[in-house]
Amino acid sequence: MTIAELMTAIGEELSAPVAYSHFTKAVTPPYLVYLGAGQDQFEADDTVYWRRNVYSIEYYFTKKDESIETTIEDMILAAGWQFDKSDDTYIQDEGLFVIYYNLQ
């Protein structure tokens, strides 16, 4: 499953807006944004033997709901991705929290 397919499925499951990079107009939380975050690769003897794109998912919310986080995490795992999860980070200027998922 591609990252775009995964994010579409998560957005549909949660009835939450999803965008790559940013939204062009304001949306109401909760919502998700995803970005390319480089590439992991294994190199040796002047050859790339293995490579994998890395992505970051940002989950923005105003009210903590662990069932939403569990849904996001279960869908990431079911799609065959691994992830690291950040702490809840409060963005004072926006009055929002964000959790970062780094997919590998």
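Everything below is about the structure printed above this text.
Let's shift gears to helix α1 (residues 3–14). For α1, spanning 12 residues, the distance from its first C-alpha to its last is 16 Å, which sits close to the expected 16 Å at 1.5 Å a residue. Along α1, the residues that are buried comprise Ile 3, Leu 6, Met 7, Ile 10 and Gly 11. Here the buried residues of α1 occupy an arc of 130° about the axis, which is enough to place them on one side. Facing away from the buried side of α1 by over 90 degrees, the exposed positions are Glu 12 and Glu 13. Of the surrounding secondary structure, the elements contacted by the buried residues of α1 are β1 (18–20), β2 (31–44), β3 (47–61), α2 (66–78) and β6 (96–103). Phi for Ser 15, located one or two positions after α1, is positive at around 50°.

Inspection of the sheet shows β1 paired to β2 by three bridges, in the parallel sense. What sits directly across from Tyr 20, in β2, is Tyr 34. Pairing of β2 with β3, which is carried by 12 bridges, proceeds in the antiparallel orientation. Within β3, the position partnered with Tyr 34 by the bridge is Ile 57. Linking β2 to β3, which pair antiparallel, is a turn of two residues; within it Asp 45 sits at a positive phi near 55°.

Once that is clear, we can look at the pattern of salt bridges. Pairs can form between side chains of opposite charge whenever their charged atoms are close. Tallied over the full model, the rule gives four salt bridges. Note that Lys 64 is salt-bridged to Asp 88, the shortest N-O span being 2.8 Å. Taken as a pair, Lys 64 in the loop between β3 and α2 and Asp 88 in the loop between β4 (83–85) and β5 (89–91) lie far apart in primary sequence, 24 residues in all. Relative accessible area serves as the criterion here: at 39%, Lys 64 is assigned to the partly exposed category. Linking Glu 73 and Lys 85 is a salt bridge whose minimum nitrogen-to-oxygen distance equals 2.7 Å. Of this pair, Glu 73 sits in helix α2 while Lys 85 is found in strand β4, placing the two residues 12 residues apart along the sequence. Look at Glu 73 and you get buried, because its relative accessible area is 16%. On the basis of relative accessible area, Lys 85 is assigned to the partly exposed category, the value being 37%. What emerges from the salt-bridge pattern is a single network uniting Lys 64, Glu 69, Glu 73, Lys 85 and Asp 88.

The rules we used
- Residues numbered from 1 in each chain as written.
- Predicted model: local features only at pLDDT ≥ 70, side-chain atom pairs only at ≥ 80, totals over all residues.
- Heavy atoms only, no water.
- Helix = DSSP H or I, 4+ residues; strand = E, 2+ residues; numbered from the N terminus.
- Expected span 1.5 Å × (residues − 1).
- Buried < 20%, exposed > 50% of the residue type's maximum accessible area, 1.4 Å probe, protein only.
- Arc of directions from axis to C-beta.
- Contact = heavy atoms within 4.5 Å.
- Pairing = 2+ DSSP bridges.
- Salt bridge = Lys/Arg side-chain N within 4 Å of Asp/Glu carboxyl O.

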